[in-house]
Amino acid sequence: MLFRMIRGVLFHQKGKMLLIAFTIALGASLATGMLNVMMDVGDKVNQELKNYGANIVVKPKDSSLLADIYDVGESGEELNTAWLNESDLGKIKTIFWAFNIVDFAPLLDAQTELPDGSTVKLNGSWFNHHLSLPTGEELDAGVVGMRSWWDITEGRWLDEKDENAGEEIMAGATIAREQGWKAGDRVVLKASKGQKTVTVSGVYDAGGDEDEQIFGTLALVQELTGREGKVASVEVSAITTPDNELARRAAKNPAALSGRDYETWYCTAYVSAICYQIQEAIPGSVASAVRKVAEGEGAVLEKTQLLMILITALSLIGSALGISNLVTASVMERAKEIGLLKAIGARDHSITGIIMTEIMVTALLGGVAGYFLGFGFAQLIGRSVFGAAVEMKPAVIPVVAALVAAVTLAGSLPAIRTVLRLRPAEVLHGGH
Amino acid sequence: MSLLELKNVSKIYGDLKALDNVNVHVDKGEWVAIMGPSGSGKSTMMNIIGCMDKPTLGEVLLDGVDIAKENSKKLTDIRRDKIGLIFQQFHMVNYLTAVENVMVSQYYHSMPDEQEALEALGRVGLRERAHHLPSQLSGGEQQRVCVARALINHPELILADEPTGNLDEANENIVLDLFAQLHAEGTTLIVVTHDPEVADAAQRTIVLEHGKVAREVINEHFDEQQKLWLARLNAENKG
Amino acid sequence: MLIALLSIGIGATILAGLVTIYVDVPRQMGAQFRSFGANMLILSDDEKGMSKDQMDKALEGIPADQLVGAAPYRYIRVDMTTRQQSFTSAGTDFDQITKTSPYFSVEGRYPENPREVLVGKEIAETIGIREGSDMELTWQPAAGNAEGDPSEDRKPGAVLSGSAEGWSGGTVYVTVKLDDSSRIASLTIDAGTQTPEIGGLAQTDEAFSRQFVGKTLPLTPGEDVDALSGATITSTAVVEALNTARSTQDTVAAKTVKYTVTGILTTGGEEESYVFMSLEDMAGLTGSDIVDVAELSVSASAEELEAYAEQITGNVDGVRARLVKRVTRSETAVLGKLQSLVFLVTAVVLILTMICVSTTMMAVVSERRREIGLRKALGASDGSIRTEFLGEGMFLGLLGGVLGAILGFAFAQVVSVNVFDSSITFQPLLLPAAVIVSMGVAALSCLQPIKRAVAIDPAIVLKDE
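Criteria and thresholds
Residues numbered from 1 in each chain as written. Chains lettered and ligands numbered in written order. Predicted model: local features only at pLDDT ≥ 70, side-chain atom pairs only at ≥ 80, totals over all residues. Contact = placed C-beta atoms within 7 Å. Helix = DSSP H or I, 4+ residues; strand = E, 2+ residues; numbered from the N terminus. Axes fitted to C-alpha atoms, helices over the stretch in contact; angles between N-to-C directions. Parallel < 35°, antiparallel > 145°, perpendicular 65-115°, else oblique. Nonpolar A, V, L, I, M, F, W, Y, C, P; charged D, E, K, R; others polar. Core = buried A, V, L, I, M, F, W, Y, C linked by C-beta atoms within 7 Å. Buried ≥ 20, exposed ≤ 12 C-beta atoms within 10 Å, placed from the backbone. Expected span 1.5 Å × (residues − 1). Pairing = 2+ DSSP bridges. pLDDT = per-residue confidence, 0-100.

J.: I would appreciate a short explanation of the interface of chain C and chain A in the present structure.
T.: Interface size, as often reported, equals the accessible area lost upon joining of the parts. The interface of chain C with chain A comprises 61 residues on the first partner and 64 residues on the second. Only helix H1 (2-33), strand E3 (85-92), helix H4 (121-127), helix H10 (325-367) and helix H12 (382-420) of chain C provide two or more residues apiece to the side of chain C that touches chain A. Per-element accounting of the side of chain C that touches chain A gives the leading share, 23 residues, to H10(C).

And the structure:
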C-alpha cells in the first residue's frame, strides 16, 4: 500500500514533484559545481603560478658565492670549486614528489669575450630537452618553459632537436642592440678553454638583466670551459603546497621532527620537503627555496583558496535555504491531505514516514540530476578559465548527498510536525 | 444499548459557547440525524463525536470509554477502529485512484485488500470506476467513494457530515439508499445535516440551536419507509 | 508570502555579495601579488647613479595609495680584509625593503642603528659569521678619471692611486706620490686581500716597496721590478696598479669601518651573497649618497604600470623606469585567470539562484490558484487580478532586494576582512541594481503562473481540492 501511495504521488502529482525535484536539482548542482571548483582551483592556480619560473634552486654543497642582480661584477667560473653532475639531473624526476616537478633547467655560465674585446656572460642550459622517464612520462625541460616571460623579438627559440643546436646562441635584447646582432648573424666567442663561432638563432627580451647576457646549450658552455658533464646549478619549478607551521619547523631541521610529523611533512608537497628530497636524490647538492617565488605563490594560493571556500560557503547556504524553503512550502501545501489521512485513522509516524519517503525519493532524483549538472558547470568554469578539465573529486558526492538529505529533512520534518499538530477538524473543515 | 453518550458537554471559545451543556444519547443500531442552522454547533458536535476535537467540559462516552480524556494518539486509534467518517467536501487523496483511496482506509486499520475494496466500491455502484482518479470522477461519484471508504472497515458508527450537501437528487437518493442498507445491517448512523429531507430519512432528529439541544423529533414513519425501501430493492434486484 | 520573501531575499543576498566580491577582487588579489616583490625599477641614465632628489621626483609619478614600497639600492664592492674576501654591499632603506621584498627572511633583526649590517646567508656560511659578530669592511674608490691615458696624470708632485686584480680575485691597491721629476717618490701598497704570507708581504716587505722608488712609470714587471718570491701574481698586480694609477685629486680616500652583524638573510636568491647596510652608513663609507636603482612595488594593473613607467622615463631627467617583466607578466596572467574564475563562478551562482527564486515564486503563486478563482467568481476582472498579484510580487521583490543587498554587502565585507585583511570598497550602485534585479525576477516569474491561473475557469479551481 505504501508503495502504491508513493507511486501515486510521483505519478499523479508529477507537476508538483517535478518542480521540487527541479529546485533540488538546481541547489544540488550549485553545491556540486562550487565544491568541485573549490577543491580543484588550488591545483589550477598552482599551475598558472609556474609562470613565475623557478621556486627551487639546487647548488653544489661546497659552492661559494657569486652572481649579482644588476651585473655588478664577475661571473662564477673562477670561484666555483664544486660542481653537480649533468648525469644526475634525471634523478630529480625520481623523487617522491616527482609528479610535482613541472620543469627544470641546469645552468652553467662562463664569461666570454667578444671580438670587440667586451665581455658577456654566456649561460648554458637546456632549452627543450626531451626526457623519457621510466614512469612513461614524457617531458620537455629547459629554458623555454622556465622563462615564460621572455618575448622573442627576432628569430626563434634555440631548438635542441636541431643538429646545429650546439653552435647556436640566443642573445638578450640589450647586448644584441649594442652589438648590432640580428638573427642569423655569426659571432665568435672566446672563453677560458677555447673559442667557437656561433650563430644567433634569436633575440629575446627578458625585461631584466638577462637582456645583457646570452644563452646557449649546456654542451656549448661545457666545451668552451672544459667542464664536460658539469653543471653549476639547477633551477626547478615545482607545484607546492603553501608552508604552514609544520613545514617551517621541518625546514629548519627535519631530524628534529617526530616520526609521525616527519611522515606527514615528507608526504606533503611543501617546498622544504621537495628540496629535501632533491638533496637526497642528487649527490653533493643543496636545494633551497627561492623565497621570492615560493612565498609569493604561497600567498596567492592561500588567498585564492580562502576566497573560493567562502564563496562556496555562501552558495551552499543559499542552496540549502532555497531547497528547505521550497520543501517546507510543499509540505504545508499538503496540509489537507495530511489532515485527511489523520482523520481516516493514520498514525502520526505513519503519515510522517510516507511524506518523508516521497520527499526523499524526489530529493534523490533531483540530487542525482543536480550532481551531473553541477559537474558540467564545474567543467565549464574549468575549461573557460584555465583551459583544462576540472578533476572529478569523489569526495564531493557524499558531501552533496549529505547536504541535500540534511536540508530536505530540515525543511520537511518541522513542517510535517507543524501540520500534524493541527487538528484534522481545522484542516478539513473549510467553509461551514 | 448505548453506543454514544454526551454528558453535559460544552465547547467554549473565549466568550463563545459553540456547545452549551449538551446531552445526547445514541443507541447501537440507531439512525440519528442532527439538524440545525449554520452556527448551531452541529459541526462542533460532529468533530467531538468523530474524535477530531475535545470538549471543554463534560464527558463523551463511546462504547463506555470517555474519549474526552484520551490523548490525541489514542483518539486516532479509536477513530480508526470504531468510526467511519463521511465529509461534506468529499476529501479524497487526489493522487490515488478510487480503489486506492478505499484501500488507504483499510491500510490504517488492518491490511489493504484490493478485492474487498473493489467489493465496497461495488456496493456504492462504482466498480467500473475503480481505477479512476478523483479528477476523473463527478462530485457524486467522489462522495460515493468516500462512503465506500467509510464502511470498508465495518465500523460500529458511521458519522456523516452533510453527506448529500453537494450532490444532485439522483446521487442523494443513492446515498440515502446506502444508509438504509447500512441501518438494516445494524450499523449505527449519525448524520449531521441542515436538509430536512435528509433528516426525515432518520429514526430520530436532534435539533440544535445556538449550541443547545432545542428538541428531539421522533420519525413516526420510519418503519414504513424502511419497508418501502426494502420492497423497491427487491423489485430492482428481480428486474 | 514569507517563503517567497525568503527566497527573493536569499537571491538578492547572493547577488549583492558575489558581485561586490567580483568587482573588488582585482584590487584585493592584486595586493597579494605584491608578495612577489618589486615589479618596477627606476634606473639612472648616468653610470654614476641618481640622486635622492631624482628618485623622489620619479616617485611622484605614482599615486600614493598604489605605491606599496620603494626601496633605493646602491651597490659597491667592499673588502673584508681580515678574511681576504671581497663581496658586494647593498645600501638600502630597511623600512622600505620589508614592503618591496616581503619574502626576505631574517634570522635576528634588521639593522636599526648606525653601523649595523644584515649579512646574506651564503656570506655568513662561507666566512663563518653569526649574529652579533663584528665585520670590518673597506671601501676603495674606483680610479678618479676612467677616461684618457694614465700618463696624463703623471705630473710632478702628483698623488696617484690605482688598483689591479691580484690573486684569487682580490684587489691590490696602490697610492704613489711623484717627485718633481715625475718619478716615484713614495708609495703605499694595500694587499690586504692577498694571502698574508705570500702576496700580503707586498704590503709589508720593505725591500719590495723600496725598489720602486726613483723609477718612472710605466714599469715592466721582471725588467724594472723584481717580483716577490713566490708571489708573482700579486707583484704583477702591483705593477699594473701603478701603471694604471690615476690622479687622486678627484677621488675620495678609501675608508674602513667596523660594523656589527644584526641578522642573517635567507632568500634562496642572489641577495644571500650581499651585505646590506643603510644608505646613511653607505654614504658614511663612500662619501656620497647616490642611488643606483630603486625597486618599486606598485599595486596597479599592467596598463597603469606601463603608463607610469613611460611617464617617469619621459618627465624626469636622468632616470628611466622599467617594468620587471618576470613579475608583471606572470601577475597579469594569473590575476586575469582569477578574475575570470570569480566572474564565471558569480555568473553560474547567480543564474542558478535566480532560477531557484523563479521556481519558488511560481510555486507560491500556483498555490493561490484557489484564491484567484474565488476572486474571479466574486467578480474581479482578469486585469485587476493580474495587477494586484504582479504588484504584490514586485513589492516582495523590493523588500527582498533591499534586505538581500544589505546582507550581501555584509557577507562581502566578512569575506574581505577574513581573506584579505581589508575592507571592501562599497559599491553604491549595487544597492539599486540588486533591488531592480530582484523586482524584475520576482515580477517575471509571477507572470506565467498568474496568467495561467487567471485563464482557468473559476469553477474548476474552486471544485478542486
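There's more to say after this.
J.: How should the packing of helix H9 (residues 291-333) of chain A against H1(C) be read in this particular structure?
T.: The description of two helices packed together rests on the angle between their axes and the distance between the axes. The interhelical angle for the contact between H9(A) and H1(C), taken along N-to-C directions, is 175°, at an axis separation of 10 Å. Taken together, the axes of H9(A) and H1(C) are roughly antiparallel relative to one another. In contact with A:Ala299, A:Val300, A:Lys303, A:Ile311, A:Leu314, A:Gly318, A:Leu321, A:Gly322, A:Asn325, A:Thr328 and A:Ala329 of H9(A), H1(C) contributes C:Ile3, C:Leu6, C:Ser7, C:Ile10, C:Ile14, C:Gly17, C:Leu18, C:Ile21, C:Met29, C:Gln32 and C:Phe33. Of the residues contributing to the contact of H9(A) with H1(C), the split by class is 14 nonpolar, 7 polar and 1 charged.

J.: I tried to follow the nonpolar core on my own but got confused; where do I start?
T.: In globular proteins that are soluble, nonpolar side chains generally tend to be buried together. Counting residues in each nonpolar core, the largest one holds 308 residues, and the members touching the most others are A:Ile56, A:Val236, A:Ile278 and B:Val102. When neighbours within four sequence positions are excluded, A:Ile278 is seen to be in contact with A:Val58, A:Ile92, A:Ile95, A:Val236, A:Ser285 and A:Ala287. Core analysis: the second largest hydrophobic core is formed by 23 residues, C:Val174, C:Val176, C:Leu178 and C:Ala241 among them.

J.: Even after reading the chapter, I still don't get the interface of chain A and chain B, so can you show me in this structure?
T.: Each partner contributes residues to the interface: chain A has 23 residues there, and chain B has 24 residues. Per element, the largest residue contribution to the side of chain A that touches chain B is 6 residues, and it comes from helix H10 (residues 335-344) of chain A. The residue makeup of the side of chain A that touches chain B, split by class, is 10 nonpolar, 7 polar and 6 charged.

J.: Got a minute to help me understand helix H7 (residues 232-243) of chain C in this structure?
T.: Structurally, the α-helix is built with 3.6 residues per turn, so residues lying three or four positions apart point the same way. All names here are of chain C. For H7, built from 12 residues, the straight-helix expectation of 16 Å at 1.5 Å per residue is met to within 8% by its first-to-last C-alpha distance of 16 Å. Taken together, the buried positions of H7 are Thr 234, Ser 235, Ala 237, Val 238, Val 239, Glu 240, Ala 241 and Leu 242. Buried residues belonging to H7 abut strand E7 (159-165), strand E8 (171-178), strand E9 (184-190) and helix H5 (201-204).

J.: Even after reading the chapter, I still don't get the pairing of E9(C), so can you show me in this structure?
T.: The side chains of a regular strand alternate between the sheet's two faces. All names here are of chain C. As paired elements, E8 and E9 share 6 bridges and run antiparallel to each other. From the neighbouring strand, Lys 177 faces E9, where its bridge partner is Ser 186. Between E8 and E9, which pair antiparallel and follow one another directly, the connecting turn spans 5 residues, one of which, Ser 182, has a positive phi of 60°.

J.: Even after reading the chapter, I still don't get the confidence of the model for chain B, so can you show me in this structure?
T.: Note: predicted coordinates in regions of low pLDDT should not be interpreted at a detailed level. Confidence along chain B averages 86 in pLDDT terms, with 99% of residues attaining 70 or more. Predicted confidence in chain B is weakest over helix H2 (residues 72-82) of chain B, with a mean pLDDT of 78, and strongest over strand E3 (residues 31-35) of chain B, with 92.

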